[in-house]
Amino acid sequence: ISEIARAKGKRVGMVTTDSFTGATPSGFTIHAPSRENTDDIVKAYIDFAPDVLIGDGLSKFEKVINSSNEHFLKKEEKLAFASEFAEFELSINQHPNKPFFGFTEFDLDTDTTKLAQCTDMALNRLENENGFFLMVESCGPDRGGSSNNLKQKLVGVSALNNAVAVALKYCI
């Protein structure tokens, strides 16, 4: 879907409370034979360079960057980058024309607001005359279901509800 959007001149964004190498964001963005091929997934993200990529997974990203001079240089030259949520706005504002890769951890047991904040940032970053594609994921309902953690499921649904409210406000 991201390739089709990009081919039509649209901007592309991914926001997830999961690792950005997770099955959902990766499935919308890059090609990999398995979700276990995280190094290849990270390289594909850097090469594709979505206009916005926000999620967990900094250690996976740094592992590839530190082991690949080619991808380290691409990160330095073509990406706006933030390794903490508190740095997002500064990085976005300093590099308005570069794809933004932001890494943050989401507390899946308590945080119902950060996904909405990240969605708002992504919408503002992606806005342009040609339109955009944005995928937003709350992994809490799935992860909470897999681990039989009702609180995580409920927090995840609430977080997504808040993100949808931001998206609806943006559309109005």
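Residues numbered from 1 in each chain as written. Predicted model: local features only at pLDDT ≥ 70, side-chain atom pairs only at ≥ 80, totals over all residues. Heavy atoms only, no water.

Engineer: Any chance you could break down the packing of aromatic side chains for me, citing the residues and the numbers?
Structural biologist: The description of an aromatic ring pair uses the distance of the two centres, along with the angle that the planes make with each other. Under the defined criterion, the tally for this structure stands at 11 aromatic pairs. Aromatic side chains F20 and F103 sit 5.2 Å apart centroid to centroid with 65° between the ring planes, which places their arrangement in the edge-to-face category. Of this pair, F20 sits in the loop between β1 (11-19) and α2 (23-29) while F103 sits in strand β4 (residues 100-103), and the two are 83 residues apart along the sequence. Residue classification places F20 among the buried positions, given a relative accessible area of 0%. Clustering of aromatic rings is evident, with ring pairs tying together F20, Y45, F61, F81, F101 and F103. Above the ring of F48, the side-chain terminus of R6 is found at 4.2 Å from the ring centroid. When the ring centre of F85 is taken as reference, the NZ or CZ atom of K114 above it lies at 5.1 Å. (Phe/Tyr/Trp six-rings, centres within 6.5 Å; stacked < 30°, edge-to-face > 60°. Helix = DSSP H or I, 4+ residues; strand = E, 2+ residues; numbered from the N terminus. Buried < 20%, exposed > 50% of the residue type's maximum accessible area, 1.4 Å probe, protein only. Lys NZ or Arg CZ within 6 Å of the ring centre and 35° of its normal.)

Engineer: Got a sec to walk through the sheet that holds β1? Specific residues and values, please.
Structural biologist: Judged by pairing direction, the sheet is parallel, and its five strands sit side by side in the order β3-β4-β2-β1-β5 without closing on themselves. Each of the sheet's edge strands pairs with one partner strand only, and the pair in question is β3 (80-82) and β5 (132-137). Here the average twist between neighbouring strands, direction ignored, is 5°. Bridging between β1 and strand β2 (residues 52-56) involves four bridges; their strand directions are parallel. Each residue of the ladder has a partner; that of S19, found in β2, is D56. Each of β1, β2, β3, β4 and β5 is contacted by helix α7 (residues 114-126), which is oriented at about 170° to β5, the strand it contacts most. (Pairing = 2+ DSSP bridges. Axes fitted to C-alpha atoms, helices over the stretch in contact; angles between N-to-C directions. Contact = heavy atoms within 4.5 Å.)

Engineer: So what's going on with the environment of P96? Residues and values would help.
Structural biologist: Residue position: P96 is located in the loop between α6 (88-94) and β4. Here P96 falls in the partly exposed class, since its relative accessible area comes to 49%. For the pair formed by P96 and I65, sequence separation is 31 residues and the distance between their alpha carbons is 22 Å.

Engineer: Break down the pattern of salt bridges for me, with residues and values.
Structural biologist: Counted by the stated rule, this structure contains seven salt bridges. We note a salt bridge from R143 to D18, for which the minimum N-O separation is 2.5 Å. Taken as a pair, R143 in helix α8 (residues 140-146) and D18 in strand β1 lie far apart in primary sequence, 125 residues in all. Since its relative accessible area comes to 37%, R143 is described here as partly exposed. (Salt bridge = Lys/Arg side-chain N within 4 Å of Asp/Glu carboxyl O.)

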